Amino acid sequence: MTRLKTSGSPVRTPFTELENRIMAAIWTGGPSSVEAVHLTVSRKHKLKETSVRTLLRRLEQKGFLRHEVEGRAFIYRAVEPARGHAARAVRQIIDHLCQGSVEELVTGMVDAKVLSNRELDQLAQFVEMRERKGK
């Protein structure tokens, strides 16, 4: 197995369920006011707007969001897209649980049947296409 140099970045704790819902609302809806996030999140969770405001501030302090002021409203936006966040989370898994080996992660996912045959075929096609572009 190929061992890659680990990134050395500290492990970030995963989002709580509510943090994940808030991030999903912003990733899906784009830059959003507190009120817009509250409307989205409160469909499944009974939360006061002040609780959503607190969670948004905490996610900003953790470096996942930033805000701009428009009139009297704070408009929150994600620092990075969901795909980028997911990629960094997977990199942490590789670094900390798979000794830096992408192969270790993928073979473990195949062995544990995490990936379906269809997903494996799609992944193989994607890799083949990228290799053709790189030549």
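Model, not experiment: these values are computed from the prediction.

How each quantity is defined
Residues numbered from 1 in each chain as written. Predicted model: local features only at pLDDT ≥ 70, side-chain atom pairs only at ≥ 80, totals over all residues. Heavy atoms only, no water. pLDDT = per-residue confidence, 0-100. Contact = heavy atoms within 4.5 Å. Axes fitted to C-alpha atoms, helices over the stretch in contact; angles between N-to-C directions. Helix = DSSP H or I, 4+ residues; strand = E, 2+ residues; numbered from the N terminus. Parallel < 35°, antiparallel > 145°, perpendicular 65-115°, else oblique. Left-handed = near helix turned anticlockwise from the far one by under 90°. Pairing = 2+ DSSP bridges. Phe/Tyr/Trp six-rings, centres within 6.5 Å; stacked < 30°, edge-to-face > 60°. Buried < 20%, exposed > 50% of the residue type's maximum accessible area, 1.4 Å probe, protein only. Expected span 1.5 Å × (residues − 1). Arc of directions from axis to C-beta.

**Q** Got a minute to help me understand the confidence of the model for the protein in this structure?
**A** Parts of the model with low pLDDT should not have their predicted coordinates read in detail. Of the residues in the protein, 90% have a pLDDT of 70 or more, and the chain-wide mean is 89. In this model residues 1-6 is a low-confidence stretch, pLDDT under 50, and it forms 18 contacts with partners more than four residues away in sequence or in other chains.

**Q** Help me understand the packing of helix α2 (residues 34-41) against helix α3 (residues 49-61) in this model?
**A** The description of two helices packed together rests on the angle between their axes and the distance between the axes. Running from N to C, α2 and α3 point in directions that differ by 110°, and their axes come no closer than 9 Å. Classified by the angle between their axes, α2 and α3 sit roughly perpendicular to one another. The way α2 lies across α3 gives a crossing that is right-handed. When α2 is examined against α3, the residues Val34, Glu35, Val37 and His38 are found in contact with a partner set consisting of Glu49, Val52, Arg53 and Leu56.

**Q** So what exactly am I meant to see when it comes to the sheet that holds strand β2 (residues 65-70) here?
**A** Backbone hydrogen bonds hold the strands of a sheet together, and the pairing may be parallel or antiparallel. Judged by pairing direction, the sheet is antiparallel, and its three strands sit side by side in the order β1-β3-β2 without closing on themselves. With partners counted over all chains shown, the strands left at the sheet margins are β1 (32-33) and β2, one partner each. Of the pairings in the sheet, the one linking β2 to strand β3 (residues 73-78) comprises six bridges and is antiparallel in character. Each residue of the ladder has a partner; that of Glu68, found in β3, is Ile75. Where α3 meets the sheet, it contacts β2 and β3, and its direction lies at approximately 120° from that of β2.

**Q** Help me understand the packing of aromatic side chains, please; the structure alone is not making it clear to me.
**A** The geometry of two aromatic rings is summed up by the distance between their centres and the angle between their planes. Applying the stated criterion across every chain yields a total of three aromatic pairs. Ring centres of Phe15 and Phe64 lie 4.8 Å apart, and the angle between their planes is 70°; on these two criteria the pair is classed as edge-to-face. Here Phe15, found in the segment before α1 (17-29), pairs with Phe64, found in the loop between α3 and β2; they are 49 residues apart in sequence, far enough to count as distant. Residue Phe15 is classed as buried on the basis of its relative accessible area of 18%.

**Q** Would you mind going over helix α4 (residues 82-97) with me for this structure?
**A** Because an α-helix packs 3.6 residues into every turn, residues spaced three or four apart end up facing the same way. With 16 residues, α4 should reach 22 Å at 1.5 Å per residue; the first-to-last C-alpha distance of 22 Å fits that figure. Among all positions of α4, only His85, Gln92, Ile94 and Asp95 are buried. Where α4 is buried, its residues touch α1 and α5 (102-111). Phi turns positive one or two residues past the end of α4, at Gln99, with a value near 50°.

**Q** For this particular structure, what's the right way to read α1?
**A** The terminal C-alpha atoms of α1, which comprises 13 residues, lie 18 Å apart, in line with the 18 Å expected from a rise of 1.5 Å per residue. By the burial criterion, the buried members of α1 are Glu19, Ile22, Met23, Ala25 and Ile26. Buried residues of α1 fall within an arc of 155° about the axis and therefore sit on the same side. Seen from the open side of α1, the exposed residues pointing more than 90 degrees away from its buried face are Glu17 and Thr28. Residues of α1 that are buried sit in contact with β1, α2, α3, β2 and β3. Positioned one or two residues after α1, Gly30 has a phi angle of 80°, which is positive.

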